[in-house]
Amino acid sequence: MHREQGLAFKRFGSRLAALVLLGVSTPFATAAIDDVTSSRIAFGSCAVQDQPMPVWSAVVDRDPDAFLFLGDNVYADTGAYKLMPSPRNYEVAYERLKKNPDFNKFLVASRAREIDVFATWDDHDYGLNDGGEEHTERLEAKKAFIDFFSPLGLAETSPDQPGIHNASVIELADLKVQVVMLDTRSFRSPFVKSKNPEVCERGGWVFSSDSDATILGEGQWVWLAEQLLQPADLRLIVSSIQVLPTEQCFEKWANFPAERERLLRLIAHSRAEGVVLLSGDRHSSEISVINRQDVGYPLYEITSSGLNNALRGRFNVADEPNKFRALDANVSDNSFGEIEIIGAGAEQSLIFRLIDEGGVELQVLEVALQHLRAR
């Protein structure tokens, strides 16, 4: 099996299909990977391109079948990059990531081992801290993103239209694994952000927005509904910002409560099974879970952040509340996430892991795949 890969990443085995819902057609890509006893999907976010990234050695050692970039893949809006004219700031940021000697180990491995690569962005590779649709350089940022990652399955392929959301299906361990990368930036409505230190110890930000404010925009909502109707055994829905946690005082879906509820209801009403949420952004990592009767099974979210700029215990991050946290604590070390698929047939399980830059497993949680089916 051969996959063409240039300086940017390319996934292999793509095909086009027409999926019709509410009169809208959307392409998606399908890729096949040789059957193995176990398969691994690695993922992470928040990588400062000008700093050492020893975590990539640990990623390569795990020999994943796929890697998902969850956002803030480069920082194009901080430090000296702020002084660069657009689109030069994006081009230089990605160029420095590509030349980072630690990241280069993953780049070489991804070519040699045909590791599938998927990506979305967050605010710093989008180019505006906490930014949304108001960002005037979103098309320049999109071009740089596409030039680097060359993603297939883009819902909006025109360089003149915003949006980098994409969806693909890969085959791993006899499962159809759907990877849905949401774009929480290009269409997100503005919000008002103000400081209120009484809200919580760390951050203390409060957010307000219009009642009709959106995170995804109506077109992306229709596209997502289409994706959830496609056949899949395991669905990874990637949001650059956290979906389930409601108590932390930074960006999250809960800042737009109607949008958060819409997403959870969509998962339920589509009868999509095997959904696992992935997110980044926080500079800390954790596993969350929520039980809703309409979904019919536990809905897990794995937050993995950051690859080389986690908080490492600063700012009392360990004390941050999260009533949906599945384990006793969060993680503030540089790390990445992993989902391993083990077993066969009705005995298949998913092992969720958070792994530090030395390859040490910090948190592990096993979930039977059949428990992610509506009962």
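Residues numbered from 1 in each chain as written. Predicted model: local features only at pLDDT ≥ 70, side-chain atom pairs only at ≥ 80, totals over all residues. Heavy atoms only, no water.

Observations concerning the confidence of the model for the chain
And then number 1: Scored by pLDDT, the chain has a mean of 91; 90% of the residues are at 70 or more.
And then number 2: Contacts of residues 1-7 to residues separated by more than four positions or lying in other chains number 21 contacts, the stretch itself having pLDDT below 50.
And then number 3: Residue range residues 10-36 is modelled with pLDDT below 50. Its contacts to residues more than four positions away, or to other chains, number 81 contacts. (pLDDT = per-residue confidence, 0-100. Contact = heavy atoms within 4.5 Å.)

Observations concerning the state of the cysteines
In a disulfide, the sulfur atoms of two cysteines are held together by a covalent bond.
And then number 1: For the coordinates displayed, the defined rule picks out one disulfide.
And then number 2: Here Cys 200 pairs with Cys 249 through a disulfide, and the sulfurs are 1.9 Å apart. Note that Cys 200 is positioned in the loop between β9 (192-195) and β10 (205-208) and Cys 249 in the loop between β11 (234-238) and α7 (257-269), a separation of 49 residues in sequence.
And then number 3: Here Cys 200 falls in the buried class, since its relative accessible area comes to 17%.
And then number 4: By relative accessible area, Cys 249 is classed as buried at 2%.
And then number 5: The structure places no disulfide on Cys 46, whose sulfur is separated from the nearest cysteine sulfur, that of Cys 249, by 18 Å.
And then number 6: Taking relative accessible area as the criterion, Cys 46 reaches 0% and is therefore assigned buried. (Disulfide = S-S within 2.5 Å. Helix = DSSP H or I, 4+ residues; strand = E, 2+ residues; numbered from the N terminus. Buried < 20%, exposed > 50% of the residue type's maximum accessible area, 1.4 Å probe, protein only.)

Side note on the pattern of salt bridges
And then number 1: Under the criterion given, the structure shown has 25 salt bridges.
And then number 2: Put simply, Glu 357 and Arg 312 hold a salt bridge, and the shortest N to O gap is 3.0 Å. Here the residue Glu 357 occupies a position in the loop between β16 (349-356) and β17 (361-368), and Arg 312 occupies one in the loop between β14 (299-303) and β15 (335-342), the gap between them amounting to 45 residues.
And then number 3: Note that Arg 353 is salt-bridged to Glu 338, the shortest N-O span being 2.7 Å. On the criterion of sequence distance, the pair formed by Arg 353 in strand β16 and Glu 338 in strand β15 is long-range, its members being 15 residues apart. Of the two residues, Arg 353 and Glu 338, both sit in the buried class.
And then number 4: If you follow the salt bridges from partner to partner, you end up with Arg 40, Arg 62, Glu 338, Glu 340, Arg 353 and Glu 361 in one network. (Salt bridge = Lys/Arg side-chain N within 4 Å of Asp/Glu carboxyl O.)

Side note on the pairing of β15
A regular strand places its side chains on the two faces of the sheet in alternate fashion.
And then number 1: Burial runs high along β15: seven of the eight residues are buried.
And then number 2: Pairing analysis gives five bridges linking strand β4 (residues 39-44) to β15, with the strands arranged antiparallel. Paired with Ala 42 across the strands is Glu 338, a residue of β15.
And then number 3: Between β15 and β16, which pair antiparallel and follow one another directly, the connecting turn spans six residues, one of which, Gly 343, has a positive phi of 85 degrees. (Pairing = 2+ DSSP bridges.)

A closer look at the nonpolar core
And then number 1: In this structure, Leu 68, Leu 224, Val 276, Leu 278 and Phe 352 are the most contacted members of the largest nonpolar core, which totals 64 residues.
And then number 2: Setting aside its immediate chain neighbours within four residues, Leu 224 contacts Val 180, Leu 182, Leu 216, Leu 263 and Leu 266.
And then number 3: Among the nonpolar cores identified, the runner-up in size contains 37 residues, and Ala 47, Val 60, Val 74 and Ala 93 belong to it. (Core = buried A, V, L, I, M, F, W, Y, C linked by side-chain atoms within 4.5 Å.)

Describing the sheet that holds β4
Pairing between sheet strands relies on hydrogen bonds along the backbone, with the strands arranged either parallel or antiparallel.
And then number 1: Strand order in the open sheet formed by six strands is β6-β5-β4-β15-β16-β17, and the pairing between neighbours is mixed. Lying at the two open borders of the sheet, with one neighbouring strand each, are β6 (116-119) and β17. Within this sheet the neighbouring strands show an average axis-to-axis angle of 15 degrees, counted without direction.
And then number 2: Bridge analysis of β16 against β17 gives seven bridges, and the strand direction is antiparallel. (Axes fitted to C-alpha atoms, helices over the stretch in contact; angles between N-to-C directions.)

Focus on the side chain of Arg 188
And then number 1: Inspection of the secondary structure assignment puts Arg 188 in the loop between β8 (175-181) and β9.
And then number 2: Residue Arg 188 is classed as buried on the basis of its relative accessible area of 2%.
And then number 3: A distance of 2.9 Å separates the side chain of Arg 188 from the side chain of Glu 251, its partner in a polar contact.
And then number 4: Those residues in contact with Arg 188 that sit more than four places away from it in its chain are Asp 130, Gly 131, Gly 132, Glu 133, Glu 134, Thr 214, Ile 215, Glu 251 and Phe 256. (Polar contact = N/O pair within 3.5 Å; in protein donor to acceptor, adjacent residues only side chain to side chain.)

Here's the deal with the packing of aromatic side chains
And then number 1: A full pass over the atoms with the stated rule returns 21 aromatic pairs.
And then number 2: Ring geometry for Phe 69 versus Phe 103: centroids 6.5 Å apart, planes at 65 degrees, classification edge-to-face. Taken together, the residues Phe 69 in strand β5 (residues 66-69) and Phe 103 in helix α3 (residues 101-112) connect sequence positions 34 residues apart.
And then number 3: The structure contains a cluster of three or more aromatic residues connected by ring pairs, namely Trp 56, Phe 67, Phe 69, Tyr 94, Phe 103, Phe 106, Trp 121, Tyr 126, Phe 145, Phe 148 and Phe 149.
And then number 4: The ring centre of Trp 205 lies 4.3 Å from the NZ or CZ of Lys 193, which sits over that ring.
And then number 5: Lying over the aromatic face of Trp 205, Lys 195 brings its terminal NZ or CZ to 4.5 Å of the ring centre. (Phe/Tyr/Trp six-rings, centres within 6.5 Å; stacked < 30°, edge-to-face > 60°. Lys NZ or Arg CZ within 6 Å of the ring centre and 35° of its normal.)

Things to note about the environment of Ala 213
And then number 1: Structurally, Ala 213 can be placed in the loop between β10 and α6 (218-227).
And then number 2: Remark: the alpha-carbon pair of Ala 213 and Ile 41, spanning 172 residues in sequence, is separated by 33 Å.

Here's the deal with unusual backbone geometry
And then number 1: At the junction of Ser 86 and Pro 87, the peptide bond is cis and its omega measures out at 10 degrees in the coordinates.
And then number 2: Structurally, Pro 87 can be placed in the loop between β5 and α2 (88-99).
And then number 3: With an omega of 0 degrees, the peptide bond running from Ser 305 to Gly 306 counts as cis.
And then number 4: Among the structural elements, Gly 306 can be located in the loop between β14 and β15.

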